Amino acid sequence: MKKIIISSLVLSLSACASNPDKLGSSYVSPLKYADYTCPQVAAEQENVSGRTIELYNRLKKERNADNWQMGIGLLVLWPTLFFLEGGDGVEAAEYSRLKGEYEALRQTNVQKSCDISFMASTDELIKMEDQKEEQLKEASKVATKASLAAIKVADRADRDANRAERKAKDASEDAETAVIKAEAAATASSEKGSKRAASRAENAAEDAAEAQQEAKEAQQKASEARSLAGEAATSAATAA
């Protein structure tokens, strides 16, 4: 039984898709493109390049899937190795052929003096695409980080605005209370005609004026905080 399992594992491992970086290039004669004009060579180069990159990404994805499945199978579920989806099939053969066609087109470009921009090989082409992908990932990380930072600023500004609005409301209520006290003191002053009542009315009026000023300042701060929160939210949306 042990030998059967080992043999089965060996067969399963051999079914894994090859790393596309390790796949060779099939020879394609430049004579295939002998009758092509320079514009036709350029168009064919674009088609071959695009299809090569597409197949590379697909084969790489299959290879990674097989590696993951193999790791899980070797650790806990070895029967899953029988269901590996890899293997060097039609797409791998096409990929090798495309690498050969790219080289044949590159030679045709030189022979016909077409002056078309070619990479040294499809390997260099793939390397350039991988670098672009890494740059995009890095740019995405930076944008995500900036977006999160902007969201935090927006949240903080929103909290500040809420606090400022509450303070403005409290100050406004204090001002209203002070005005009521001032009016009451003024009434008492006119009724009693005492200096003490007059002084109390004057102090109440001053308190009311100060409370109204504080309410006005608090409302201004609330407005500024709310504006900052809006700008931060806009920055967060732009960064995202």
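Residues numbered from 1 in each chain as written. Predicted model: local features only at pLDDT ≥ 70, side-chain atom pairs only at ≥ 80, totals over all residues. Heavy atoms only, no water.

**What to know about the overall build of the chain**
Counted only if it meets this: To qualify as a helix, a DSSP run of H or I must reach at least 4 residues; to qualify as a strand, a run of E must reach at least 2; elements of each kind are numbered from the N terminus. Only protein chains enter the accessibility calculation, which uses a 1.4 Å probe. A residue is then buried if its area is under 20% of the maximum for its type, exposed if over 50%, and partly exposed in between. Note on contacts: a residue pair is in contact if any heavy atoms of the two residues lie within 4.5 Å. Every accessible area reported is derived by Shrake-Rupley at a probe size of 1.4 Å, with residue values counting cover from the shown protein chains alone.
A tally of regular secondary structure across the chain gives five helices and zero strands. In the chain, the order of α-helices and β-strands from amino to carboxyl end is α-α-α-α-α. The buried share among the 240 residues of the chain stands at 29%. Across the chain, contacts joining residues at least 24 apart in sequence account for 78% of those joining residues at least 6 apart. If you sum the accessible surface of the chain, you get close to 15800 Å²; carbon and sulfur atoms cover 54% of it.

**Here's the deal with the confidence of the model for the chain**
When pLDDT is low, close inspection of the predicted coordinates is not appropriate. Put simply, the rule is: Values of pLDDT, which run from 0 to 100, indicate the predictor's confidence residue by residue.
Confidence along the chain averages 78 in pLDDT terms, with 77% of residues attaining 70 or more. Here helix α1 (residues 2–14) is the element of the chain with the lowest mean pLDDT, 48, and helix α3 (residues 90–111) is the one with the highest, 94. Confidence drops under a pLDDT of 50 for residues 8–14, and excluding neighbours within four residues, the segment shows seven contacts in the predicted structure.

**Points about a negative patch on the surface**
As a reminder of what qualifies: A patch consists of residues whose relative accessible area exceeds 30% and which take part in no salt bridge; residues with like charges are grouped when within 9 Å of each other, and nonpolar side chains (Val, Leu, Ile, Met, Phe, Trp, Tyr) when within 5 Å. Salt-bridge detection follows one rule: a side-chain nitrogen of Lys or Arg within 4 Å of a carboxyl oxygen of Asp or Glu. Positive charge is attributed to Lys and Arg, negative charge to Asp and Glu, and no charge count is given to His or to the chain ends. Taken as the charge location is NZ of Lys, CZ of Arg, CG of Asp or CD of Glu.
On the surface, Asp170, Glu173, Asp174, Glu176, Glu202, Glu206, Asp207, Glu210, Glu214 and Glu217 cluster together into a negatively charged patch. Among the elements of the structure, α4 (122–192) and α5 (195–239) are those that each provide at least two residues to the negative patch. The residue Asp174 is located in helix α4 in this model.

**A closer look at the environment of Ala157**
Relative to the helices and strands, Ala157 resides in helix α4. Given a relative accessible area of 3%, Ala157 falls into the buried group. Ignoring any residue separated from it by four or fewer positions in sequence, one finds Ala157 in contact with Ala225, Leu228 and Ala229.

**Quick word on the packing of aromatic side chains**
Threshold: What counts as a ring pair is set by centres within 6.5 Å for rings of Phe, Tyr and Trp (its six-membered ring), and what kind of pair is set by the plane angle: stacked under 30 degrees, edge-to-face over 60, tilted for all other angles.
Enumeration according to the criterion identifies three aromatic pairs in this entry. When the ring of Tyr56 is compared with that of Tyr95, the centres are 6.3 Å apart and the planes differ by 35°; the resulting orientation is tilted. Taken together, the residues Tyr56 in helix α2 (residues 38–75) and Tyr95 in helix α3 connect sequence positions 39 residues apart. When sorted by exposure, Tyr56 lands in the same class as Tyr95, which is buried.

**A word on the pattern of salt bridges**
Evaluated as defined, the whole model comprises eleven salt bridges. Between Arg97 and Glu101 there is a salt bridge, and its shortest N-O distance comes to 2.6 Å. Remark: Glu101 and Arg97 occur in helix α3; sequence separation between them is four residues, near one turn of the helix. The salt bridge involving Lys132 is made with Glu129; its shortest N-O contact spans 3.8 Å. On the criterion of helical spacing, the pair formed by Lys132 and Glu129 is a turn pair, its members being three residues apart in helix α4.

**Comments concerning the state of the cysteines**
Spelled out, the test is: When two cysteine sulfur atoms lie within 2.5 Å, the pair is treated as a disulfide.
Summed over the entire model, instances satisfying the criterion amount to one disulfide. Here Cys38 connects covalently by a disulfide to Cys114, the sulfurs 2.1 Å from one another. One disulfide, between Cys38 and Cys114, carries an S-S torsion of -80° and so falls in the left-handed class. Taken together, the residues span a long stretch of sequence, with Cys38 in helix α2 and Cys114 in the loop between α3 and α4 at a distance of 76 residues. Look at Cys38 and you get partly exposed, because its relative accessible area is 27%.

**A word on the environment of Tyr36**
Residue placement: Tyr36 occurs in the loop between α1 and α2. Aside from chain neighbours lying at most four places away, what touches Tyr36 is Val41, Glu44 and Lys112.

**Things to note about the nonpolar core**
Short version of the rule: Here, nonpolar core refers to any group of buried Ala, Val, Leu, Ile, Met, Phe, Trp, Tyr and Cys residues whose side-chain atoms link them within 4.5 Å.
With 20 residues, the main nonpolar core has Tyr95, Leu105 and Phe118 as its most contacted residues. Those residues within four positions of Tyr95 in sequence are excluded, and the remaining contacts are Pro20, Leu23, Thr52, Leu55, Tyr56, Leu59 and Ile126.

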